[in-house]
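# Observations on the three-dimensional arrangement
Given next are the chains, with one letter for each unit.
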Amino acid sequence: MSANTYHSEPVTSPAAPTSCPVHKTWSPLDDDYVTDPYPIASALRSAHPVFYAPTVGCVVVTDMADVEAAFSDHETFASTNVQDPVFPLSPEARKILSAEDFDPVAVMSNRPEPDHGRIRRYTRQGFSNRRINTLEPYVRRRAHELIDAMITMGPPAEFVASFAFPLPGETIFRFIGFPESDDETLKAWCGDRKAFSWGRPTPAQQVEIAENMLAYWRYCRDFTAHKRRHRGDDFASELIGAHEADPDDLSYREVESIIYGLSFAGHEAVTALICNTLMCLLPRRDTWTAIREDHTLIPNAIEEVLRFDSSQIAWRRMTTRDTTIAGVDVPAGTTIFLNFASANRQDDIWDSPDDFDIRRSNASQHISFGKGVHYCLGAKLAKFEVRTVTEILTQRLPSLRLEEEQDLAYFPNITFRGPTELHVTWS
């Protein structure tokens, strides 16, 4: 994989910058951190706002001001590594992904300026209010169908498999234009992508993931070619039309790569956010009752979930030149780990930051969707989905609650946070 591909492999971990504090043992993949990152992240920030973590080869930035500064200076802190594996690949996985036809190019989250801005003009049009409005009937219908199935099976239910995983995936597939008949295959192919780019899969897991990624890319290429001949009212058709209108400004390979990247990025974090929303709301019965009776409270409640228990708790950058972060000199080529779990709970920004408060006036000051030119393209769609889901669940299952004494588990990765299973029940 070359530097111009959608995924580039790290070869060696950089050394700790001179004068940078080093935390030799901490890792975002530690069991205790994966289970509950927030108290650990706060303690790390109190000890050293910036430090080096040799376990992942990153300079870790924990303070909100420094995180925002990195997002705002995209020329110094490039996004080119955000889709890359944290650790080197096994030879077997590398061989699979060296297939001649596995050639997606960086397009959105991992494409630097000025190309990022050029491509984002086209992708931003796809996330217009009009396009989201066309999805609303589908989201509502499918949400009711999934709830009907849960009710038919009777309580309790495992909510991730029953609702939180299928709905966002199917929504982004409808957005792109994938046929419903391919939904289960597509979900199986993209289910382990977070392990590839943000986890530490075993060599055997890497091989399986690599095979799925290759199959997924080939599917996206075939789908794009088919959609070129059979247009519809969908995002893929809009991109193909934009390419044909100005092929020198938006290449055909970029269209294929946008479809490949978006079809994963558009639902993994939303699945986690739906679950995190329920985990914040359901144990607090007064809060659940309040939003059930007044749906105007839901938008700010979702902002508070994004601050208090975000579905994305970190993101990465790569320095393009020597720079300074909080007084620490950082050389070019250094991987930067932006710690949202720390920044979103700062007590100099929010009063009682470890309390969940849906009426918090500055809840939306969180950093969970990033900032600057790479602000999350799908933020509006994600919040729309979670808002709609929350409204429907309060109407259809007002007595919904978490099953007692369940052990929550989280897939170990450096970025996405949401339970692998969530058991719920109702009267």
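Everything below is about the structure printed above this text.
Residues numbered from 1 in each chain as written. Predicted model: local features only at pLDDT ≥ 70, side-chain atom pairs only at ≥ 80, totals over all residues. Heavy atoms only, no water.

## As for the overall build of the protein chain
On a plain count of helices and strands, the protein chain comes out with 18 helices and 10 strands. Relative to the compact-globule value of 22 Å for 427 residues, the protein chain shows a C-alpha radius of gyration of 21 Å, a close match. Here the C-alpha coordinates of the protein chain stretch approximately 60 × 55 × 40 Å along the principal axes. Here the protein chain, with 427 residues, has 57% of them falling under the buried criterion. For the protein chain, restricting intrachain contacts to residue pairs at least 6 apart in sequence, the fraction spanning at least 24 positions comes to 77%. In the form shown here, the protein chain has an accessible surface area of approximately 17,300 Å², with 50% of it arising from carbon and sulfur atoms. Taking the average location of the 43 positive side-chain charges in the protein chain and that of its 61 negative ones, the two points are 4 Å from each other. (Helix = DSSP H or I, 4+ residues; strand = E, 2+ residues; numbered from the N terminus. Rg over C-alpha atoms; globule rule 2.2 N^0.38 Å. Buried < 20%, exposed > 50% of the residue type's maximum accessible area, 1.4 Å probe, protein only. Contact = heavy atoms within 4.5 Å. Areas by Shrake-Rupley, 256 points an atom, 1.4 Å probe, with all protein chains shown as cover. Lys, Arg positive; Asp, Glu negative; His and termini not counted. Charge placed at Lys NZ, Arg CZ, Asp CG, Glu CD.)

## A few points about the side chain of His-116
Of note, His-116 is situated in helix α5 (residues 115–126). At 2.7 Å, the side chain of His-116 and the side chain of Glu-113 are in polar contact. Aside from chain neighbours lying at most four places away, what touches His-116 is Val-107, Met-108, Arg-111, Val-373 and His-374. (Polar contact = N/O pair within 3.5 Å; in protein donor to acceptor, adjacent residues only side chain to side chain.)

## Section: the sheet that holds strand β10 (residues 423–425)
Reading across from one edge, β4-β10-β9 is the order of the three strands in this open sheet, with antiparallel pairing throughout. What marks the edges here is a single partner per strand, and that holds for β4 (157–158) and β9 (401–402). Of the pairings in the sheet, the one linking β4 to β10 comprises two bridges and is antiparallel in character. Bridge pairing in β10 links Glu-158 to His-423. (Pairing = 2+ DSSP bridges.)

## Section: the nonpolar core
Of all hydrophobic cores here, the largest spans 47 residues; its most connected members are Ile-176, Phe-178 and Ile-259. Sort the elements by how many residues they give to this core and helix α11 (residues 203–229) lands first, with nine residues. Look past the residues within four positions of Phe-178 in its chain and what remains in contact with it is Phe-173, Leu-186, Tyr-219, Cys-220, Phe-223, Ile-259 and Ser-263. Residues Leu-297, Ile-302, Leu-306 and Phe-308 belong to the second largest nonpolar core, which totals 45 residues. (Core = buried A, V, L, I, M, F, W, Y, C linked by side-chain atoms within 4.5 Å.)

## Concerning the pattern of salt bridges
Oppositely charged side chains are able to pair whenever their charged atoms sit close together. Counted under the stated rule, the structure contains 34 salt bridges. Here Glu-145 and Arg-141 are joined by a salt bridge, their closest N and O atoms 2.8 Å apart. Of this pair, Glu-145 and Arg-141 both sit in helix α6 (residues 129–153), four residues apart, roughly one helical turn. On the accessibility criterion, Glu-145 (32% relative accessible area) is partly exposed. Residue Glu-256 is joined to Arg-221 by a salt bridge in which the shortest nitrogen-to-oxygen separation is 3.3 Å. (Salt bridge = Lys/Arg side-chain N within 4 Å of Asp/Glu carboxyl O.)

## Description of the pairing of strand β8 (residues 335–339)
Counting buried residues in β8 gives five out of five residues, a clear majority hidden from the surface. Alignment of strand β2 (residues 58–61) against β8, held across three bridges, turns out to be parallel. Bridge pairing in β8 places Val-60 opposite Phe-337. Taken together, the five bridges between strand β5 (residues 314–319) and β8 define a ladder with antiparallel strand orientation. Residue pairing in the sheet places Arg-316 in a bridge with Phe-337 of β8.

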